[in-house]
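Spelled out, the chains give:
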Amino acid sequence: MDLQLAGKRALVTGSSSGLGKAIAERLAAEGVGVVVHGRDVARTEKVAAEIRGAGGRAAVAIGDLSTDEGAELVVGAALADAPIDILVNNAGAYAQLSWAEATPETWRATYEGNVISGVRMIQRLVPQMRRRGWGRVITIGGGLATQPMASHPQYNATLAARHNLAVSLARELKDTGVTSNVVAPGAILVDHVKELLTGIAPARGWGETWEEIERGAVRDTIPNDTGRFGRPEEIAAAVAYLSSPLADYVSGANLRVDGGTIRNVA
Ligand SMILES: NC(=O)c1ccc[n+]([C@@H]2O[C@H](COP(=O)([O-])OP(=O)(O)OC[C@H]3O[C@@H](n4cnc5c(N)ncnc54)[C@H](OP(=O)(O)O)[C@@H]3O)[C@@H](O)[C@H]2O)c1
């Protein structure tokens, strides 16, 4: 299927690793010129170089989206060559804290890094999409937005805020040609998740090989219809679809890519 994305430009925040990296690679493979973003210069440049090496187009933007100054740097770099058609608000951080451990300051910093970070990008990049009459804002949310766990409450709440603001934005963008939608991953096997699971596997009795560990971890922590964790490429495929003109009629939607982890009918 031709996603009709060739020639578009996208900024994928937090694409120096994990889901963002897979999203940038996938969009580039569809002919999109991507702006790879991160705070870590070496890792961000490495991702961009790999995309170029595979025949894609990639520029780099560096900056901490927890601050207005960082956001200005990122937008300045992203718009240096041409407009941005597709904004993927993916950057974010997660810390495994309990209610007792997450201080008010942690809550504040997590909201700044996971929610206001994306708002900064929306406010700076959506006006130029509106002027051109076409654009995409895709927010990476998550199942914890609607079915939070007892742990890391400061993180769960930021996912809920992301889902909420993305739908509000869709209403705001009525009749503009610009859409706002959410992709909600389940538990996705990025490097740090695999390391964490491998580290706790002996204590949980999940086995020795990765296949045994994954089966045990899914059974005990995220039972779902597929019996496995998701892969970053599966999130990237959903983002590519929503980025496409084929998704012009999709507005304010939540596309769950979670193997059926979340059980809501809607
Ligand atoms: N993995 C999952 O299972 C899962 C599930 C649901 C939702 N998500 C969401 O998906 C997104 C990506 O997660 P991931 O697992 O791929 O994490 P990751 O591998 O740790 O990547 C996070 C990315 O975000 C960037 N970043 C974090 N805070 C930033 C800030 N303040 N300013 C600028 N960049 C920042 C990082 O940049 P540097 O490293 O260069 O600093 C990195 O590129 C997150 O928003 C997360 O909440 C993940």
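Residues numbered from 1 in each chain as written. Predicted model: local features only at pLDDT ≥ 70, side-chain atom pairs only at ≥ 80, totals over all residues. Heavy atoms only, no water.

Under an unreviewed UniProt entry, the chain has the name NAD(P)-dependent dehydrogenase (Short-subunit alcohol dehydrogenase family) and belongs to Actinopolymorpha pittospori. As stated in UniProt under Sequence similarities (unreviewed entry), the record for the chain gives "Belongs to the short-chain dehydrogenases/reductases (SDR) family." (UniProt positions renumbered as here; feature names shortened; annotations may be inferred.)

**Focus on the overall build of the chain**
Assigned secondary structure in the chain consists of eight helices and seven strands. In terms of C-alpha radius of gyration, the chain reaches 18 Å, essentially the compact-globule figure of 18 Å for 266 residues. Expressed along its principal axes, the backbone C-alpha trace of the chain runs to roughly 55 × 40 × 40 Å. When each of the 266 residues of the chain is scored for burial, the buried share is 49%. Once the 27 positive and 29 negative side-chain charges of the chain are each reduced to a mean point, those two points are 4 Å apart. (Helix = DSSP H or I, 4+ residues; strand = E, 2+ residues; numbered from the N terminus. Rg over C-alpha atoms; globule rule 2.2 N^0.38 Å. Buried < 20%, exposed > 50% of the residue type's maximum accessible area, 1.4 Å probe, protein only. Lys, Arg positive; Asp, Glu negative; His and termini not counted. Charge placed at Lys NZ, Arg CZ, Asp CG, Glu CD.)

**Remarks on the layout of surface pockets**
Taken as a whole, the second largest pocket spans an internal volume of roughly 170 Å³. Considering the residues around the second largest pocket, the lining is formed by 13 residues, among which L173, D175, V178, T179 and S251 are closest to the centre. Contributing elements (two or more residues each) for the lining of the second largest pocket: α5 (153-172) and β6 (178-185). A class-by-class count of the residues in the lining of the second largest pocket yields four nonpolar, four polar and five charged. (1 Å grid on protein atoms, 1.4 Å probe; cavity = no way out; pocket = protein on both sides within 12 Å on 5 of 7 lines; lining within 4 Å. Points joined across faces, edges and corners; volume = space filled by probe spheres on them. Nonpolar A, V, L, I, M, F, W, Y, C, P; charged D, E, K, R; others polar.)

**Description of the pairing of β6**
The side chains of a regular strand alternate, first on one face of the sheet and then on the other. Of all the eight residues making up β6, eight are buried; the element is thus mostly covered by neighbouring parts of the structure. Both faces of β6 are covered, namely the face carrying V178, S180, V182 and A184 and the face carrying T179, N181, V183 and P185. Summarising the sheet, strand β5 (residues 135-140) and β6 pair through six bridges and their orientation is parallel. Each residue of the ladder has a partner; that of T139, found in β6, is V182. Chirality of the crossover, the property in question, places the unit of β5, α5 and β6 among those that are right-handed. (Pairing = 2+ DSSP bridges. Right-handed = clockwise from strand over helix to strand, strands pointing away.)

**Looking at the domain arrangement of the chain**
Per the domain assignment, the segments of the chain are domain 1 (9-188 + 231-257) and domain 2 (189-229). One C-alpha centre belongs to domain 1, the other to domain 2; they are set 26 Å apart. Across the boundary between the two partners, domain 1 contributes seven residues, which contact eight residues of domain 2. In this assembly, domain 1 packs against domain 2 so that about 700 Å² is buried in total across both faces, 52% of it on carbon and sulfur atoms. Contact with domain 2 buries surface across domain 1, with A187, I188 and R231 losing the most and accounting together for 67% of the total. (Domains from an automatic or database assignment. Contact = heavy atoms within 4.5 Å. Buried area = accessible area lost by both parts, 1.4 Å probe.)

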